[in-house]
Amino acid sequence: MTRAYPLAFLSLLTYGLSIPATADTVYVTLEKDNALAVMDGTSGKLVKTIKIGKRPRGIALGKDAKQLYVAASDSNTIQVIDTASLKIVGKLPSDEDPETFALNPAGSTMYVSNEDDNRVTVIDIAQQKAIKQIPVGVEPEGIAVSLDGRWVVSTSETTNMAHWIDSRSLEIVDNTLVDPRPRYATFTADSQQLWVSSEIAGSVTVIDANTRQTVKSITFKIPGVTQEKIQPVGIKIDPQRHYAYVALGPANRVAVVDAKSLEVVDYWLVGQRVWNLEFSPDLKRLYTTNGISNDVSIVDLENRKVLKSVAVGQNPWGVAVKP
Amino acid sequence: MNPLIYKLASPLVLVLTLGNLAQAAAPKKAVPPHNEPTKSVAPATEKLTIAYLAQQRENLLPQAYFLPTAADAGLQGARLAITDDNTTGAFTRQQFELKEVLLGADGDPGAAFKQLRADGYRHILVDLPTDSVTALSALPEAADALLYNVSDSADDLRGPRCAANLLHLIPSRAMRADALAQYFAKKRWKMLFLAIGTTSKDTLYAAAIKRAVPRFGLKITEEKSWNHRFDERRTPESEVPVFSQGEEYDVMVVADEDGAFGDLLSYRTWSPRPVAGTQGLVATAWHPTLEQWGAIQLQNRFREQSKRWMTEIDYAAWLAIRAIGEAASRTKSLDFSKIKEYLLNDGFALAGFKGVPLSFRRWDGQLRQPMLLAGERSLVAVAPIDGFLHPKNELDTLGYDQPETQCKTTR
């Protein structure tokens, strides 16, 4: 907290007075508004809402944060948005019903889940061209790329598996059974573990990336909340692997997990049906999209406190944050 | 995995051999083996055959000309689940195959069933009338098979006429009635007018409503039979107001499973009252209006395959074969006993696009599941309705709970 001041001062010097200290811009897809909300992360003020494609869900920034990618599911495309002008400047051939996607560490290749076709589409971003379609299990949804660039993992909701795709050969080389209805997958920053949330089982499966064996299935218990309401979706793990944060859907909470001991240490009450999460670039805040209360909760990670909820529009789904 | 399995070529031999093995090794309570990686580099693919046994439905009333007919209700759901299971099976080296046996109205389900058993089929979906299901489940040939009821809602089949080898994927009438009653209680529609048709199925539906009424603090203030004679059919605009006049009530509940007259009641009652039951607001396992919880994906996949909407019988058949597939991938086995044990294990959790895990009630073989309360074009509510609590599983507020079951068979 006290360290924030010199940092702020530095950045003021570097970037000029118009940019606030540790400023970040939060982009939120609004599934029902066919729009993108742009929020200032420091002040928690909604800056702008722009119309984009139909039923926007998955969202991610390009490598240099100049471009924002949004899966417009019902428009059957990934839209490319210029972050400076907020104009749609292109689209990528994602094939039908793209929901979620992931980029390789270089930001040159995109992997898209095509839920209705049981495929993962691999797109060369520069060429704007689909270079391969990989058959996976029934209803692929979660997709993750390891930072070491070795793995692409796709999780299929009805098959209940994590499919391990070799990023070089683009072939599935292994499959790990996970708990029912996997939704979201992410690697730890050291690429050693894969975490997969299972909505129906109410659990998070932690898998060793080297053996593809399950290390632990983390379950959640909240006093006064029935087990059926605990439906984990989004997961964020800090780069030091101190803590992982898990969005618990209709339980309206974010679970805090000690990312080493894999024990749940806390639950934070946020908005209704919390689905996806993102850190601020300085890792001091966590943003959560709350689909039913139509807002974004801002959590102060240092003081472990939910600071505020910001109304953003109908059915906020995905979130990306630009420094 | 048992290396023995891969050496056997014929599925018939495989099924019989595994059956013998299973009998030799007395099954202990299975702990579901979770989450071990499945190598793609596995030995040869195993195959499991599943049968769908159906009989042409008799005495169906002609539907309104604009309503789609689904002569293949159930079968299309089974076919889609086989495709889904095989997509998964490509990664687990398990293959699933469906045998369709469709009998005419005068066909003999008993003979067809015995033939399926003789051919080695042990997982048999039954889309048959109550009496046939009862008879088949009691056959000596059914002793080491599993029957999956996908279309019959009779409470008796889950009660006095239950069987250890019989699982029910389709909800019972009691589950439907409890779902509606919970909604009425929430809306404080406490007084019911019960309009009952003339068939024995209508009587059973009405009995389920009568069972639900005191459970949720409701009251039937009026009960009448609709005879559906010539005048009633021809001039509902004058017959329905007269029929519905009399005692006060909040909602008209109609028991008309064949759809003879239920649709005539809405907008014609003497007092303006909503209609629910078999028409109007219905309690169903599946409905075209369901899109939450990823259901839209199943709806889309089904429509693409079948060129029509998914019915609840399709959904029940899909669930049956998905349940078998799920048990096979979790146990890494096509062994009949292992699959059966897994299905009935407390840890079994089937994803059915309704937001909660589905599982079988050990006391009567019924799949516990949320019920959709749907109008023609709108999903009105999903039961269990918020606030109806249960010490173990809120889904058990729908239908016969363990303490009240009349099923005496242990599973």
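Quick look at the packing of aromatic side chains
Right, on to step 1. One pass over the structure, following the stated rule, counts 16 aromatic pairs over all chains.
Right, on to step 2. Relative to F388 of chain B, the ring of F216 of chain B has its centre 5.5 Å away and its plane inclined at 80°; by these criteria the two rings are edge-to-face. Taken as a pair, F216 of chain B in the loop between α8 (200–215) and β8 (219–225) and F388 of chain B in the segment after β16 (379–383) lie far apart in primary sequence, 172 residues in all. Residues F216 of chain B and F388 of chain B agree in their burial class; the two are buried.
Right, on to step 3. Grouping aromatic residues by their ring pairs yields a cluster made of F193, W226, F243, Y249 and F261 of chain B.
Right, on to step 4. Seen from the ring of W275 of chain A, R183 of chain A lies directly overhead, with NZ or CZ sitting 4.8 Å from the centre.

Brief notes about the pairing of strand β10 (residues 119–124) of chain A
On a regular strand, one side chain projects to one face of the sheet and the next to the other, so that they alternate.
All names here are of chain A.
Right, on to step 1. Most of β10 is tucked away: five of the six residues are buried.
Right, on to step 2. When strand β9 (residues 109–114) meets β10, the two strands line up antiparallel, connected through six bridges. Considered in β10, the bridge of S113 is made with V120.
Right, on to step 3. The hairpin formed by β9 and β10 contains four residues between the paired strands, and N118 there has a positive phi angle of roughly 55°.
Right, on to step 4. Judged from the six bridges that link them, β10 and strand β11 (residues 129–135) form a sheet pairing that is antiparallel. Each bridged residue has a counterpart across the sheet, and for R119 the counterpart in β11 is P135.
Right, on to step 5. Counting the residues between successive antiparallel strands, the hairpin from β10 to β11 contains four residues, one of them, Q128, with a positive phi of roughly 50°.

Points about the domain arrangement of chain B
All names here are of chain B.
Right, on to step 1. Looking at the assigned domains, one finds that chain B contains domain 1 (3–36 + 44–171 + 291–360) and domain 2 (174–284).
Right, on to step 2. The interface is formed by six residues belonging to domain 1 together with eight residues belonging to domain 2.
Right, on to step 3. Both sides of the domain 1 and domain 2 interface together cover about 630 Å² of buried area, and 50% of this is carbon and sulfur.
Right, on to step 4. In this assembly, domain 1 and domain 2 are joined by one salt bridge.
Right, on to step 5. Counting across the domain 1 and domain 2 interface gives five residue pairs in polar contact (both at pLDDT 80 or more).
Right, on to step 6. Of the residues contributing to the side of domain 1 that touches domain 2, the split by class is three nonpolar, one polar and two charged.

Thoughts on the environment of P239 of chain A
Residue and element names in this part refer to chain A.
Right, on to step 1. Relative to the elements of secondary structure, P239 occurs in the loop between β20 (235–237) and β21 (243–247).
Right, on to step 2. Placed 51 residues apart in sequence, P239 and T188 show a C-alpha to C-alpha distance of 7.1 Å.
Right, on to step 3. Residues within four places of P239 in sequence aside, it is in contact with A189 and L283.

Quick notes on the state of the cysteines
All names here are of chain B.
Right, on to step 1. Summed over all chains, the structure comprises one disulfide over all chains.
Right, on to step 2. Paired by a disulfide, C162 and C407 hold their sulfur atoms 2.0 Å apart. On the S-S bond that ties C162 to C407, the torsion sits near 85°, and the link is right-handed. Taken together, the residues span a long stretch of sequence, with C162 in the loop between α6 (155–158) and β6 (166–168) and C407 in the segment after β16 at a distance of 245 residues. The same class applies to C162 and to C407, which are both buried.

Details of the environment of E278 of chain A
All names here are of chain A.
Right, on to step 1. Inspection of the secondary structure assignment puts E278 in strand β24 (residues 274–279).
Right, on to step 2. Residues E278 and I235, 43 residues apart in the sequence, show an inter-C-alpha distance of 8.6 Å.
Right, on to step 3. Excluding anything up to four places from it in sequence, E278 contacts K236, R285, L286, Y287, V319, A320 and V321.

Some words on the confidence of the model for chain B
Right, on to step 1. Mean pLDDT over chain B works out to 89, with 88% of the residues at or above the 70 mark.
Right, on to step 2. A low-confidence stretch, residues 1–40 of chain B stays under pLDDT 50, and its non-local contacts, those more than four residues away or across chains, total 72 contacts.

Considering the sheet that holds strand β5 (residues 146–149) of chain B
Residues and elements named next belong to chain B.
Right, on to step 1. Here we have five strands laid out as an open sheet, ordered β3-β2-β4-β5-β6, and parallel in their pairing. Two strands bound the open sheet, and with one partner strand each, they are β3 (94–103) and β6. Within this sheet the neighbouring strands show an average axis-to-axis angle of 25°, counted without direction.
Right, on to step 2. Note: strand β2 (residues 46–55) against β3, ten bridges, orientation parallel. By the bridge assignment for β3, K47 is matched with Q95.
Right, on to step 3. Across the sheet, helix α3 (residues 75–92) is in contact with β2, β3 and β4 (123–127); its angle to β3 comes to roughly 165°.

Cut-offs applied
Residues numbered from 1 in each chain as written. Chains lettered and ligands numbered in written order. Predicted model: local features only at pLDDT ≥ 70, side-chain atom pairs only at ≥ 80, totals over all residues. Heavy atoms only, no water. Phe/Tyr/Trp six-rings, centres within 6.5 Å; stacked < 30°, edge-to-face > 60°. Helix = DSSP H or I, 4+ residues; strand = E, 2+ residues; numbered from the N terminus. Buried < 20%, exposed > 50% of the residue type's maximum accessible area, 1.4 Å probe, protein only. Lys NZ or Arg CZ within 6 Å of the ring centre and 35° of its normal. Pairing = 2+ DSSP bridges. Domains from an automatic or database assignment. Contact = heavy atoms within 4.5 Å. Buried area = accessible area lost by both parts, 1.4 Å probe. Salt bridge = Lys/Arg side-chain N within 4 Å of Asp/Glu carboxyl O. Polar contact = N/O pair within 3.5 Å; in protein donor to acceptor, adjacent residues only side chain to side chain. Nonpolar A, V, L, I, M, F, W, Y, C, P; charged D, E, K, R; others polar. Disulfide = S-S within 2.5 Å. pLDDT = per-residue confidence, 0-100. Axes fitted to C-alpha atoms, helices over the stretch in contact; angles between N-to-C directions.

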